[in-house]
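Notes for the structure review
Given next are the chains, with one letter for each unit.
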Amino acid sequence: MISLDFTSPDYYAWFLPCVIVGVLSFSGGKRRVQIGIILLFSYLFFWLASGWHVILLAISTLMDWTIAKRIFATENQQKKKFLLKLTLAVNLALLAVFKYLDMIIQTYSLVSLKFFWMPDLDPYGLLLPVGISFYTFQTMSYSIDVYRSKYKPYDDFIDFAAYASFFPQLVAGPIVRADDFLEQIKSPLSFDERNFRLAVTFIVYGLVKKIIFANNMAAHVDSIFIEGVDLQNTALVWWGSLCFGIQIYCDFSAYTDIAIGSAIFIGIKLPENFKTPYAARSPQDFWRRWHISLSTWLRDYLYISLGGSRKGLVRLYMALMTTMVLGGLWHGASWNFVLWGFVHGIALIVHRVLSKQKSIRSLFDNKYLKFPVLLTGWFVTQVFVFFTWLIFRVEDWTMLVFAMKGFVGYDSTFDIASGRSVLPNVQYLTFILVMSFIIIHGLSGKYGGFRTKISEAPGWIWGPVMALSLLAMLYLRPDHPTEFIYFRF
Amino acid sequence: MNQTTRWYCSAITSFVVTLILVNPILSDAVDRKLIDGSVMELGRYHFTFEAYDYISQDSAPSVVTWGSSKMRESFDGLDMEKHSVHDDANFYNLGYASEHPYLRLPELSSLISAKPDVIVLELGPNTFSFLPTPLDTNSLEKINSVIYHSPIVGNKEYLQVMETEDLNLIEDEIGERMKGYSRYSFPAVENSLIDRFEEENTGWDCDEKLTNVRCAPHSDSDLYDDYLRRPPQFTNYLERIKPLNDNTLEVFYGEKLDNYINSKYHNPEGAYNKNHRAFDFIIDQAIENQIEVVLVALPYNPVLMQRLSVDQWDYVSEAIENYSAREELTVVDLLDDSRFGNDSYFNDFSHMSKLGEDQLTRVLLPKIDKVLTAKLKRPEIVKSYEEPIELPPTNYIYSNELISIEIQNPTLNLNGSNSLDEHSWIEWNQSGKTGLTVLPNNGMSTRNLDDAPYLKYCFEIQTSGYYYFWIESNSSDGNSDSIWLGVDGELLDTGSRGVGLFTMDKSKSWYNKGDDGDEIGYSFTQGSHCLDVWMREDGVVLTDLLLTTDIAFQAGD
């Protein structure tokens, strides 16, 4: 069976063209037909990507559609609450079973080792359905919004089903709000020449990030964080952390770019998910730039529900920490992700405390100190972010401890030559790519992103940029591609 | 034309122009830096395509050779040009190591497009050797790498000659070719960067004289022209090891040669296999395109030829006979030609030395010239070629010689002198075993060869070679067990305490190592030699002594 993702040739050879032609041409401009075609192809995409798990998507969709309708229809507040809890429970149960069951069992097994009377449980080894973390959050946000009377539920089931299963963002985001989506599909979708340019630019940009940057970084990362490598070599750990940071950003943002580009073809705009996160000057700033759709989702549906900043400092810190820990857990069924979230939570709390201090705020008012302070803030934030990427990447606890020690230079060496011997043969190219990334990322932040600017550039600039991008993909891609990291979430 | 149309026109035009302009630059970075040998042996795949372009640019008559490293090492195009009756003819050598006709198929259309007048094809055991179906990874890499670099539009008839299982693995479709090309270009870009950053020439180590066999100059290099006619050669291994006074030559012409002649690549499979089919296809296509074909069965090292079993290469002989019967072909059978009967014509078992190349030019060139004259329809030019060199045939007999020295019958037995004047070698007899011992056993030992009791054993060596020593002893203890050994009056270096002939292991009585732990051996030339045995410790008992060329021999078995 064909396996479809954004780097498969099949996606570009027939799937996307069929969607575009089907929606913009064969539909005859009829809105409902267009949405029906989008729905059909979305389920086809999901089926090709994840097989029988498409049933889970259908269950989640049907359930949220039905329950949201009932929530809207009933006047009884308690009944509304009950229905909401029901849909949240089912969605979270799906997540719990398919994503976290084995983690729960493994944790239980660690405990049961201590207590002989506890029965043994074997992990079920359930396959993680593609995109489950995304579409459950998406449909839950719909139900919660309807409960909060933010908008009324979708009239048309086809519209809602298309929203819940929209193929560009189904698998790895961005998480789209139902009202944003509905607003865009309430009129027939039509071809816009500007959209075509923008879409192609986004897709090519995304492919370059994934194929050239992410995959090349992956080769180095995979050779560093494995059993037997000396992770007390600070030089090696720094390099590994830097490469992983670039890999995960390029990988994830590439998916978003391609998703946005694919949607733009048929006139639907998806939200941006990244805003040069490595230009962030504080942990808070980082979370406004990284995986924006998730962080805003967590803010709107978890943090605020837990009290947010309205119920005092203690409640705020608890809400913040809970949000970050659960946000970390969302990324994967491993205590590493919980720790990662926890550490970020600590950082956010510390930042909040510090930024409230008059002495700190006064530094920003001093025109001579402002820039050095901002620079320091940026540097410290980025060191922190790349340090926490170790937690994200290195799942083995023993290795993680060594890596963390290596990163901070505790009981470690700094041996570049020895580090290089661990790396794959391709090193100079990777080094150049790392330098290029740093420069492009920095400039992109300064000038507000390159993709849109490239698409708006004159044809004699756009053409060569596309040509060079395609040639680079041809010449600079490593032999062994890696799957999208966030595909697993 | 509205703005949108103008935008798209300029975008598409600049897109295409960029692709066209940038591609040569990228090719330069990538092609030049593809690791020599990373895909083909010694970097000769890619250059074959540039070679055809190069060859076709010159309208002068041309002779092109195809073959394995044998052809590569044998055919000196520069020398051929110098001595050819056709002053304007070009002689190109496109042989490469580990070649198979089957794997050459994708190049065929390029060869034909280059319009050579004559092609010279190597005809030998490896021409018909085994190739697995489906092809192994290494062979697939070779064939696919050639395909990546071949013109997209070209004669693809060779695909009909290929096995179905191989066709499924050949990356001939454009998408597959691009995928394969990027697979090679990626490490090549890295190599370009390494060259720039580390100033190490990891790919092309070419000096002005093309001495490095790994050198593969780019087609715009000054060296390229010579490179196509006479590629860099292997070093002369035989020349290097012959003067060594150890067993290197014996091992080379012994065990190593046995392994060589038993390998699959160096033997015909014995059936009409895919290599043979491909070879016939190449011949037929050449003839169909009015290219004259000369098949050359290149000579092998005479020691190898002597070692072959009677019918080992019968398939090749039959093929030579069959091809000779075809009037449209010229077949030159040098496989066991007496003019190459001396191993000085060879670097090793099969590759020719400089002397061998000279000899091949003298022998083969007249025949090629004749074919070329007929092809070009020129009047026959009478020219005296250099006569073939005459060297005596090499008669290297490799056999496991065993010489037994009669311990009790030395050629000379001298008593000790001075402090050892009471010591002498006398007969020893115990439990049916006889030998010689030094008595009295007073616990004396000596380094003084002038005073020590002495035995000399003279014998004839029929076959020169490296001989290993095995000595049987019944010495009773470790203080009465050692001797000094020498050959022809020269002491052998066996360590500071000579040769010890005692261990606690009572089952052991044969010894072949000196005090230094090395096997005792000597390279004997044919003729008379004498073994010298001096007492080192009194009481030592010698019962037997053997000399053997067999490295695997174990005395006492």
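About the thresholds
- Residues numbered from 1 in each chain as written.
- Chains lettered and ligands numbered in written order.
- Predicted model: local features only at pLDDT ≥ 70, side-chain atom pairs only at ≥ 80, totals over all residues.
- Heavy atoms only, no water.
- Helix = DSSP H or I, 4+ residues; strand = E, 2+ residues; numbered from the N terminus.
- Buried < 20%, exposed > 50% of the residue type's maximum accessible area, 1.4 Å probe, protein only.
- Contact = heavy atoms within 4.5 Å.
- Areas by Shrake-Rupley, 256 points an atom, 1.4 Å probe, with all protein chains shown as cover.
- Salt bridge = Lys/Arg side-chain N within 4 Å of Asp/Glu carboxyl O.
- Phe/Tyr/Trp six-rings, centres within 6.5 Å; stacked < 30°, edge-to-face > 60°.
- Axes fitted to C-alpha atoms, helices over the stretch in contact; angles between N-to-C directions.
- Parallel < 35°, antiparallel > 145°, perpendicular 65-115°, else oblique.
- Nonpolar A, V, L, I, M, F, W, Y, C, P; charged D, E, K, R; others polar.
- Buried area = accessible area lost by both parts, 1.4 Å probe.
- Polar contact = N/O pair within 3.5 Å; in protein donor to acceptor, adjacent residues only side chain to side chain.
- Left-handed = near helix turned anticlockwise from the far one by under 90°.
- Core = buried A, V, L, I, M, F, W, Y, C linked by side-chain atoms within 4.5 Å.
- Patch = residues over 30% accessible without salt bridge, like charges linked within 9 Å, V, L, I, M, F, W, Y side chains within 5 Å.
- Pairing = 2+ DSSP bridges.
- Lys, Arg positive; Asp, Glu negative; His and termini not counted.
- Charge placed at Lys NZ, Arg CZ, Asp CG, Glu CD.

This paragraph deals with the overall build of chain B. Secondary structure summary: chain B contains 17 helices and 18 strands in total. Residue burial in chain B is summarised as follows: out of 557 residues, 54% are buried. Look at the contacts in chain B between residues 6 or more apart in sequence, and 79% of them connect residues 24 or more apart. For chain B, the accessible area works out to roughly 25100 Å², and carbon and sulfur atoms hold 48% of it.

A few words now on the overall build of chain A. A tally of regular secondary structure across chain A gives 21 helices and zero strands. Only carbon and sulfur atoms are counted for the fraction: they give 66% of the accessible area of chain A, which is about 22100 Å².

It is worth spelling out the pattern of salt bridges at this point. Residue and element names in this part refer to chain B. All told, the structure shown has 36 salt bridges over all chains when counted by the stated rule. Between Glu99 and Arg104 there is a salt bridge, with the nearest N and O atoms lying 2.9 Å from each other. What emerges from the salt-bridge pattern is a single network uniting Asp76, Arg230, Lys354, Glu357 and Asp358.

The subject of this paragraph is the packing of aromatic side chains. What describes a pair of aromatic rings is the distance from one ring centre to the other and the angle between the planes of the rings. Residues and elements named next belong to chain A. Evaluation of the coordinates by the stated rule reveals 77 aromatic pairs over all chains. Taken together, a centroid distance of 5.6 Å and an interplanar angle of 50° make the contact between Tyr163 and Phe181 tilted. Of the two residues, Tyr163 sits in helix H6 (residues 157–165) while Phe181 sits in helix H8 (residues 178–185), which places them 18 residues apart along the sequence. Owing to a relative accessible area of 0%, Tyr163 belongs among the buried residues under this scheme. Ring centres of Phe244 and Trp389 lie 6.0 Å apart, and the angle between their planes is 80°; this geometry places the pair in the edge-to-face category.

Residue and element names in this part refer to chain A. With their axes 9 Å apart at the nearest point, helix H3 (residues 54–73) and helix H5 (residues 132–147) run at an angle of 5° to one another. On the basis of their axis angle, the class for H3 and H5 is roughly parallel. Contacts from Leu56, Leu57, Ser60, Asp64, Trp65, Ala68, Ile71 and Phe72 of H3 reach H5 at Tyr135, Thr136, Thr139, Met140, Tyr142, Ser143, Val146 and Tyr147. The class makeup of the residues in the contact of H3 with H5 is eleven nonpolar, four polar and one charged.

Contact with chain A, which involves 30 residues of that partner, is made by 27 residues of chain B. Taken together, the two surfaces of chain A and chain B that pack against each other cover about 2500 Å², and 72% of this comes from carbon and sulfur. Of all residues in chain A, Tyr428, Leu474 and Tyr475 of chain A bury the most surface against chain B, accounting for 31% of the area lost on that side. Summed over the shared surface of chain A and chain B, the result is six residue pairs in polar contact (both at pLDDT 80 or more). Elements supplying a minimum of two residues to the side of chain A that touches chain B: helix H9 (193–224), helix H19 (428–447) and helix H21 (459–475) of chain A. Sorting elements by how many residues they give to the side of chain A that touches chain B places H21 of chain A first, with twelve residues.

All names here are of chain B. Turning to its location among the elements, Thr494 is positioned in the loop between strand S13 (490–491) and strand S14 (499–500). Accessibility expressed as a relative area gives 4% for Thr494, which makes it buried. If sequence neighbours within four positions are ignored, Thr494 has contacts with Val499, Gly514, Asp515, Asp516 and Ile520.

It is worth spelling out the packing of H9 of chain A against H19 of chain A at this point. All names here are of chain A. One can describe the packing of H9 onto H19 by two numbers: an axis separation of 10 Å at closest approach and a directional angle of 130°. Here H19 runs oblique to H9, going by the angle between their axes. Handedness of the H9/H19 crossing: left-handed. Of the residues in H19, those touching H9 at Tyr205, Ile212, Phe213, Asn216, Met217 and His220 are Thr430, Leu433, Val434, Ser436, Phe437 and Ile440. Counted by class, the contact of H9 with H19 contains eight nonpolar, four polar and no charged residues.

This paragraph deals with unusual backbone geometry. Trans peptide bonds make up the majority, and among non-glycine residues the majority have a negative phi. All names here are of chain B. Here Thr133 and Pro134 are connected by a cis peptide whose omega angle stands at 0°. By the element assignment, Pro134 lies in the loop between strand S3 (118–122) and helix H7 (137–149). Cis geometry is adopted by the peptide bond preceding Pro440, which originates at Leu439 and carries an omega value of 5°. The residue Pro440 is located in the loop between strand S9 (433–439) and strand S10 (454–461) in this model. Even without being a glycine, Gln290 presents a positive backbone phi close to 55°. Within the element layout of this structure, Gln290 appears in the loop between helix H14 (274–288) and strand S4 (292–297).

On to the nonpolar core, then. Residue and element names in this part refer to chain A. Core analysis: the largest hydrophobic core is formed by 160 residues, its most contacted members being Tyr142, Ile268, Tyr278, Trp290 and Trp389. With 17 residues, helix H10 (residues 234–265) is the single largest residue contributor to this core. Ignoring any residue separated from it by four or fewer positions in sequence, one finds Tyr142 in contact with Asp64, Trp65, Ala68, Tyr151, Pro153, Tyr154, Phe160, Tyr163 and Ala178.

Attention now goes to helix H12 (residues 292–303) of chain A. Residues and elements named next belong to chain A. For H12, the buried fraction is high: ten of the twelve residues fall into the buried class. Among all positions in H12, only Ile292, Ser293, Leu294, Ser295, Trp297, Leu298, Asp300, Tyr301, Leu302 and Tyr303 are buried. For H12, the secondary structure elements touched by its buried residues are H5, helix H11 (283–289) and helix H13 (313–331).

Turning next to a nonpolar patch on the surface. Residues and elements named next belong to chain A. Residues Phe371, Leu375, Trp378, Phe379, Val380 and Val383 make up a contiguous nonpolar surface patch of roughly 590 Å² in combined accessible area. Considering the arrangement of structural elements, one finds Trp378 in helix H16 (residues 370–393). On the basis of relative accessibility, which here comes to 33%, the residue Trp378 falls in the partly exposed class.

All names here are of chain B. Reading across the sheet, the five strands line up as S2-S1-S3-S4-S5 and stay open at both edges, with parallel pairing between neighbours. Of all strands in the sheet, those bounded by a partner on one side alone are strand S2 (90–93) and strand S5 (329–333). Ignoring strand direction, the axes of neighbouring strands in this sheet form an average angle of 20°. The pairing of strand S1 (residues 62–66) with S3 spans four bridges and is classified as parallel. By the bridge assignment, Val64 is partnered in S3 with Ile119. Here helix H16 (residues 314–324) sits on the sheet in contact with S4 and S5, set at roughly 145° to S5.

This part takes up the side chain of Glu190 of chain B. Among the structural elements, Glu190 of chain B can be located in helix H10 (residues 174–198). Buried charge without a salt bridge: Glu190 of chain B, with Arg420 of chain A as the nearest opposite-charge side chain at an N-O distance of 6.4 Å. Among the polar contacts listed, one links the side chain of Glu190 of chain B to the backbone nitrogen of Gln427 of chain A, at a separation of 2.6 Å. Polar contacts involving the side chain of Glu190 of chain B include one to the main-chain amide nitrogen of Tyr428 of chain A, which spans 2.8 Å. For Glu190 of chain B, the residues in contact, after removing those within four places along its chain, are Asn425, Val426, Gln427, Tyr428 and Leu429 of chain A.

What follows covers a negative patch on the surface. A cluster of acidic residues, Asp311, Asp314, Glu318 and Glu321 of chain B, forms a negative patch on the protein surface. For Asp311 of chain B, the location among the structural elements is in the loop between helix H15 (302–307) and H16.

Residue and element names in this part refer to chain B. For strand S17 (residues 527–535), the buried fraction is high: seven of the nine residues fall into the buried class. Examined bridge by bridge, S10 and S17 share eight bridges and lie antiparallel to one another. Looking at S17, one finds that Tyr454 is bridged to Trp534. As defined by bridge partners, strand S12 (residues 482–487) adjoins S17 across five bridges and the pair is classed as antiparallel. Counted as the bridge partner of Val487 is Leu531 from S17.

All names here are of chain A. A cluster of basic residues, Arg148, Lys150, Arg310, Lys311 and Arg315, forms a positive patch at the surface. Its location among the elements puts Lys311 in the loop between H12 and H13. In this structure Lys311 comes out as exposed when scored by relative accessible area, which is 52%.

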